[in-house]
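Secondary and tertiary structure notes
As a plain string of letters, each chain reads:
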Amino acid sequence: MKFQIAGNHSEDTAAGRQVDIVALGIVTAAIILFVATGSEIGPAVVRSLRGEGPGPDSFMLDAFLLNIAIIIFGWSRYRQLCEEIAAGKAAENAARRLAETDALTGFLNRRSFNAGIDALIAQGADPGVNNGADQHRATALMMIDLDNFKQVNDHNGHSVGDLLLCECARRIAAALPHGALVGRIGGDEFAVALPFDRQRPEFVDHIAKVLVASIGESVRINAVNIAVSASIGLSRSDLGGDEPAGRVSSLFEMADIAMYHSKRQGRNGFSWFEAHMADEMRFRSELENGIRQGIPRGEFVPFYEQQIDLQTGELIGFEMLARWDSPQFGIVAPDICSSPSPRISAPSRNCRKA
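Here goes a summary of the coordinates provided.

The full count for this structure, using the stated rule, is nine salt bridges. Arg184 is the partner of Asp102 in a salt bridge, and the nearest nitrogen-oxygen pair spans 3.2 Å. On the criterion of sequence distance, the pair formed by Asp102 in the loop between α2 (58-100) and α3 (110-125) and Arg184 in strand β2 (residues 181-184) is long-range, its members being 82 residues apart. Given a relative accessible area of 14%, Asp102 falls into the buried group. Ionic pairing is found between Glu299 and Arg297, a salt bridge with its closest N-O pair at 3.9 Å. Here the salt bridges do not stand alone but share partners, grouping Asp145, Asp147 and Lys263 into one network.

Right, dumping it as structure tokens:
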């Protein structure tokens, strides 16, 4: 996938090529004049050396020598211009790489990755691409997040963290098929987009399994074994929005939700996006906001849990607990917030105030 960068480099290159052509034209004209004057001077020089006549005309001799000087100067300048153009192209390519890729891993950055996945989706949506061969093609997006990466940085330093990212990037690239796009879109977050036959989603499942297994292998860095794993969220373009911009943003949102679902399920795995995951995410957000607002509102009430001696069965004390008495959900039990798939169908009144 190629990307274009707007700027003055292309204009400078075009100007350099124009000067390049002018310099080459001057050298060519000088060579033609050199041949023409040489054909006049050559026979006169030969006759003069044989003593059969005067030497060449001084004006023609000066023109001949001037042509030689012009050829030498023009060719030298032509070589310099070629070197300048080559250096300009190299600088332009370097600037493009810096603008489009992540400096640490060499993967696409977020902006370039978004442009690439948009192109993949557009190709899959066009039944005329490749003579209709892609009419059943969709694009899958994988959001890959390294589990507990912050702990690696905190315990081993950022230099080790960078080496770990490079190793994970190498494993990701090795596991991907030809035609896949891969980018680093965050500190420890990678994204992969690849086309697949929408009737064979198991192909994407296989790639995700390979990625989880490959990244999950321990890494030895600076004589230290580092355990690493990845949580992956999957989404597909044929279930996203209708507009191109909406498709890309919807893909990212769905894959991100699925990735966090994988983390809640125990990490080191992958999950396809399902509609109920978004409901769970919204529910958890409502709980978090309600808890933050409930503290200053005095919605937390004390509950007393009995402590019983198991041997005698006697009451030996009480444990005071706090319960959130939500105006919307009622008494919210602790297992609601800790459950991977929380459900509250009616206000819960499992505990009684003491």
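This is not the end of the story, as more comes after the structure.
As a further point, take the sheet that holds strand β9 (residues 315-326). Spatial strand order, β8-β9-β10: three strands in an open sheet with antiparallel pairing. Of all strands in the sheet, those with a lone pairing partner are β8 (300-308) and β10 (330-332), marking the two edges. Averaged over neighbouring strand pairs, the angle between their axes works out to 45° when direction is ignored. Note: β8 against β9, nine bridges, orientation antiparallel. In the strand pairing of β9, Glu305 is matched with Glu319. Of the strands in this sheet, β8 and β9 are in contact with helix α8 (residues 275-297), which crosses β9 at around 110°.

Right, let's get into the packing of helix α5 (residues 158-175) against helix α6 (residues 202-215). Between α5 and α6, the shortest axis-to-axis distance is 10 Å and the interhelical angle comes to 150°. Comparing the axis directions of α5 and α6 gives the class roughly antiparallel. Handedness of the crossing formed by α5 with α6: right-handed. In contact with Cys168, Arg171, Ile172 and Ala175 of α5, α6 contributes Ile207, Val210, Leu211, Ser214 and Ile215. Tallied by class, the residues present in the contact of α5 with α6 amount to seven nonpolar, one polar and one charged.

In an α-helix, one turn spans 3.6 residues, which is why side chains three or four residues apart end up on the same side. The end-to-end C-alpha separation of α6 is 20 Å, in line with the 20 Å expected for 14 residues at 1.5 Å each. Among all positions of α6, only Val204, Ile207, Ala208, Leu211, Val212, Ser214 and Ile215 are buried. Residues of α6 that are buried sit in contact with β1 (137-146), α5, β3 (189-197), β6 (230-236) and β7 (269-272).

With that settled, the discussion passes to the pairing of β9. Count of turn residues in the β8/β9 antiparallel hairpin: six residues, of which Gly313 carries a positive phi of about 75°. With three bridges connecting them, β9 and β10 associate as antiparallel partners. Directly across from Trp324, in β10, lies its bridge partner Val332. Here β9 folds back onto β10, and the loop between the two strands holds three residues.

Our next topic: the sheet that holds β7. Ordered in space as β2-β3-β1-β6-β7, the five strands form an open sheet in which the pairing is mixed. The two strands at the open ends of the sheet, each matched to only one other strand, are β2 and β7. Sheet twist, expressed as the mean angle between neighbouring strand axes with direction ignored, is 20°. By the bridge criterion, nine bridges tie β1 to β3 in an arrangement that is antiparallel. Following the sheet pairing, Met142 is matched in β3 by Val192.

Here is what the cut-offs are and how they apply
- Residues numbered from 1 in each chain as written.
- Predicted model: local features only at pLDDT ≥ 70, side-chain atom pairs only at ≥ 80, totals over all residues.
- Heavy atoms only, no water.
- Salt bridge = Lys/Arg side-chain N within 4 Å of Asp/Glu carboxyl O.
- Helix = DSSP H or I, 4+ residues; strand = E, 2+ residues; numbered from the N terminus.
- Buried < 20%, exposed > 50% of the residue type's maximum accessible area, 1.4 Å probe, protein only.
- Pairing = 2+ DSSP bridges.
- Axes fitted to C-alpha atoms, helices over the stretch in contact; angles between N-to-C directions.
- Contact = heavy atoms within 4.5 Å.
- Parallel < 35°, antiparallel > 145°, perpendicular 65-115°, else oblique.
- Left-handed = near helix turned anticlockwise from the far one by under 90°.
- Nonpolar A, V, L, I, M, F, W, Y, C, P; charged D, E, K, R; others polar.
- Expected span 1.5 Å × (residues − 1).

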